[in-house]
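Okay, here's what each chain looks like letter by letter:
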Amino acid sequence: MNDNQLLRYSRHILLDQIGIEGQQKILAAHALVIGAGGLGSPAALYLAGAGIGKLTIVDDDEVDLTNLQRQILHTTERVGQNKVDSAKISLHAINPEIEIVALKERLQGERLQALVHSATVVLDCSDNFKTRHAVNSACVTAGVPLVSGAAISFDGQLSVFDTRTKDAPCYACLFSPDQEFEEAQCSTMGVFAPLVGIIGTMQAAEALKLVMGLGQSAAGRLLLLDALAMEWNTIGISKNSDCPVCGSLHSKLQH
Ligand SMILES: [Zn+2]
């Protein structure tokens, strides 16, 4: 690290649990953020500020006036622009030293798999089950930890799916891919603005901890926030041995 970096990251380096070693792990990491909306905004901003070495942000949408109530990466003057381009401007303004890759697309198939494989950690900041399951499946196959967040109305959720650990559940252990879920989206249901900030920020915290191997992750736990009561509930989640995504694959990988 040069003198400027030592200054920029000094408040991390001061922490005994992080120090220069932990900060160097952050600088060497690649975070893949799926979605540049309500969750992706705070998640990516904190990762950029913290000096994540490479940040790939993926979204196929454009900035809309209705986004600005909560999607803090974007600005009024950038309405109509690609979200990922708008994101890149905000992220580079905070930290011009990191590499930012902005992809305007809906990742799937081999491209998704290759990108997940290249990442140190993946943050699912998307808003639909199809994407969530595709990202989870790619993470299980690649053995890359997934930090999953969701927010709708006044309800938020957070968990980590880290199948590098034996017996750790994946997203599909919790929500079966075969099951029909009613898709609840902000465009129809509404969402409390700071709620996405709380959950997205927690996703950044979990991602940084995973990158550094610090503390205990939320793997095996689903954290549920009721923002109206401002109460958290934690549910333990366990691996489903019949899970179509991690069940058989995991046993195949056992040595
Ligand atoms: Zn599973």
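Residues numbered from 1 in each chain as written. Predicted model: local features only at pLDDT ≥ 70, side-chain atom pairs only at ≥ 80, totals over all residues. Heavy atoms only, no water.

Visitor: Where do I start with the layout of surface pockets in this structure?
Guide: Over the atoms a probe the size of a water molecule is rolled, and this reveals where empty space is left. Considered as a void within the structure, the largest pocket measures approximately 1000 Å³ in volume. Only α7 (129–142), β5 (146–152), β6 (155–161), α8 (171–174), α9 (186–189) and β7 (221–226) provide two or more residues apiece to the lining of the largest pocket. Top element by residues in the lining of the largest pocket is β6. It accounts for six residues. Of the residues assigned to the lining of the largest pocket, the class counts are 22 nonpolar, 16 polar and 12 charged. (1 Å grid on protein atoms, 1.4 Å probe; cavity = no way out; pocket = protein on both sides within 12 Å on 5 of 7 lines; lining within 4 Å. Points joined across faces, edges and corners; volume = space filled by probe spheres on them. Helix = DSSP H or I, 4+ residues; strand = E, 2+ residues; numbered from the N terminus. Nonpolar A, V, L, I, M, F, W, Y, C, P; charged D, E, K, R; others polar.)

Visitor: Would you explain the nonpolar core in this entry?
Guide: Across soluble globular proteins, nonpolar side chains show a tendency to be buried alongside one another. The biggest cluster of nonpolar side chains holds 43 residues, and the ones touching the most others in it are L47, I52, L55, I57, L91 and L123. The element that contributes the greatest number of residues to this core is helix α10 (residues 193–212), accounting for nine residues. The contact partners of L55, leaving out residues within four places of it in the chain, are H30, A31, V33, A44, L47, A48, L91, E99, I100 and V101. (Core = buried A, V, L, I, M, F, W, Y, C linked by side-chain atoms within 4.5 Å. Buried < 20%, exposed > 50% of the residue type's maximum accessible area, 1.4 Å probe, protein only. Contact = heavy atoms within 4.5 Å.)

Visitor: Help me understand the coordination of the zinc ion, please; the structure alone is not making it clear to me.
Guide: Tetrahedral coordination by four donors places them ideally at 109.5 degrees to one another around the metal; octahedral coordination by six donors ideally gives 90 or 180 degrees. Distances from the zinc ion to its protein donors, C170 (SG), C173 (SG), C243 (SG) and C246 (SG), fall within 2.3 Å. Bound by four donor atoms, the zinc ion shows angles of 93 to 122° at the metal and therefore tetrahedral coordination geometry. Positions of the donor residues of the zinc ion along the chain correspond to the pattern C-x2-C-x69-C-x2-C. Here C246 lies in the loop between β8 (231–236) and α11 (247–253) and C173 lies in helix α8, a separation of 73 residues in the sequence. Note on accessibility: C173 and C246 belong to one class, buried. (Donors = N, O, S within 2.8 Å, 3.2 Å for Na, K, Ca; no water. Tetrahedral: all angles 85-135°; square planar, octahedral: opposite > 155°, others 65-115°.)

Visitor: Even after reading the chapter, I still don't get the sheet that holds strand β4 (residues 121–124), so can you show me in this structure?
Guide: The strands making up a sheet associate through backbone hydrogen bonding, with each pair oriented either parallel or antiparallel. Within the open sheet, the eight strands sit side by side as β3-β2-β1-β4-β5-β6-β7-β8. Their pairing is mixed. Each of the sheet's edge strands pairs with one partner strand only, and the pair in question is β3 (99–103) and β8. Neighbour to neighbour, the strand axes of the sheet diverge by 15° on average, direction disregarded. Taken strand by strand, α7 contacts β1 (30–34), β4 and β5, and its axis lies near 170° from that of β5. (Pairing = 2+ DSSP bridges. Axes fitted to C-alpha atoms, helices over the stretch in contact; angles between N-to-C directions.)

Visitor: Would you explain the environment of S86 in this entry?
Guide: Inspection of the secondary structure assignment puts S86 in helix α5 (residues 83–94). Sequence separation between S86 and D155 is 69 residues; the distance between their C-alpha atoms is 27 Å. The residues touching S86, leaving out its near neighbours within four places in the chain, are V63, L73, H74, R78 and Q81. At a separation of 2.7 Å, a polar atom in the side chain of S86 contacts the side chain of H74. (Polar contact = N/O pair within 3.5 Å; in protein donor to acceptor, adjacent residues only side chain to side chain.)

Coordinates in, geometry out; function isn't part of it.
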